[in-house]
Amino acid sequence: MSLTSNSEHPGAPAQPTLTDTMAQRISQIQARMANACARVGRDPAEVALLPVSKTFDATAIREALALGFTRFGENRMQEVAQKAPLLVDCNVNWVVIGHLQTNKAKEVARYASELQSFDRLELAEALERRLQLEGRTLDVLVQVKTSTEDTKSGLEPAELVSFLRQLSQYPSLHVKGLMTMAVLSTDSSAVRKCFSQLRQLRDQAQQEAIAGISLERLSMGMSGDFELAIEEGSTEIRVGSAIFGSRVAPA
Ligand SMILES: *Cc1c(COP(=O)(O)O)cnc(C)c1O
């Protein structure tokens, strides 16, 4: 058995079977990505695949590295700090995708190549100070809350433009685009609405022509809903379980 297409049920992640190799699972995902692109006339080269390795160990990451991936999504800095020393011989770019406490700014400034869950000025303050100390800059995506679920974090859509305008005070943060998590639902139209809202917010913000801000990237779509996200303009899908298998511990 292989990955089942689940665009009818976006809330239910496709479950890879244990008999498939990681390479097989990834090529099945890439085929589904290409099909989604074809449905809406997009070039598959416009959509990147970010493996989300949270809860999976360094061995699993090495397997993905051998297949050519270098960026890995993680949601806890503690976990990055544990895995990074085991992978010092590899060129891993850690992409932080989970809600970040301000007191973790130091670790992010030191270890992360990118932050996709950037959602408040308090965090910008802390990151700017730490990045200047490290002599580094950081690519960031602004996470926007497109779902009404309380468990989802992110900036309120109405605050986006004024938030972006204030970021010129933080020259070490390089804003590249927006990120969202869709509502967890079996209603594909509700899921699709989250993705189309993010794209519209991006288009509106681009029209404001805010100095120093260019929002090329839209990080949206996960194992259970990436086809809908691609159809709505995603430039990058964040995929964990469909590549690495089901997570045992809640992430
Ligand atoms: C865990 C996680 C993902 C990947 O989820 P899967 O359903 O395993 O693909 C994507 N984005 C964020 C923000 C996550 O926390």
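The notes below deal with the structure included here. (Residues numbered from 1 in each chain as written. Predicted model: local features only at pLDDT ≥ 70, side-chain atom pairs only at ≥ 80, totals over all residues. Heavy atoms only, no water.)

Our next topic: the side chain of R42. Relative to the elements of secondary structure, R42 occurs in the loop between α1 (22-39) and β1 (48-51). The class of R42 is buried, set by a relative accessible area of 16%. Reaching out from R42, the side chain makes a polar contact with the side chain of E46 at a distance of 3.0 Å. The contact partners of R42, leaving out residues within four places of it in the chain, are C37, V47, I230, G233, S234 and T235. (Helix = DSSP H or I, 4+ residues; strand = E, 2+ residues; numbered from the N terminus. Buried < 20%, exposed > 50% of the residue type's maximum accessible area, 1.4 Å probe, protein only. Polar contact = N/O pair within 3.5 Å; in protein donor to acceptor, adjacent residues only side chain to side chain. Contact = heavy atoms within 4.5 Å.)

This part covers the side chain of T146. One can find T146 in the loop between β5 (138-143) and α6 (160-166). A polar contact of 2.8 Å, which involves the side chain of T146, links it to the side chain of T180. In contact with T146, not counting residues within four places along its chain, are T180, M181, C194, Q197 and L198.

To continue, consider the pattern of salt bridges. When the charged atoms of two side chains with opposite charge come close together, those side chains can pair. Counted according to the given criterion, the structure contains 19 salt bridges. R32 is paired through a salt bridge with E227; the nearest N and O atoms lie 3.0 Å apart. Of this pair, R32 sits in helix α1 while E227 sits in helix α8 (residues 226-231), placing them 195 residues apart in sequence. For the pair formed by R32 and E227, the shared burial category is buried. Of the charged contacts, one joins R165 and E208 as a salt bridge, the two residues approaching to 2.8 Å between their closest N and O atoms. Note that R165 is positioned in helix α6 and E208 in the loop between α7 (188-207) and β7 (217-219), a separation of 43 residues in sequence. Each of R39, R192, R199, E231 and E232 takes part in a single network of salt bridges with overlapping partners. (Salt bridge = Lys/Arg side-chain N within 4 Å of Asp/Glu carboxyl O.)

Let us now look at the packing of aromatic side chains. For any two aromatic rings, the description comes down to two numbers: the centre-to-centre distance and the angle of the planes. Inspection of the entire model under this criterion finds two aromatic pairs. Relative to F244, the ring of F56 lies with its centre 5.3 Å away and its plane at 25°, an arrangement referred to as stacked. Placement of the pair is F56 in the loop between β1 and α2 (58-66) and F244 in helix α9 (residues 241-244), with a sequence separation of 188 residues. We note that F56, like F244, is buried. A ring pair is formed by F118 and F163, whose centres lie 5.4 Å apart and whose planes are at 50°; its orientation type is tilted. (Phe/Tyr/Trp six-rings, centres within 6.5 Å; stacked < 30°, edge-to-face > 60°.)

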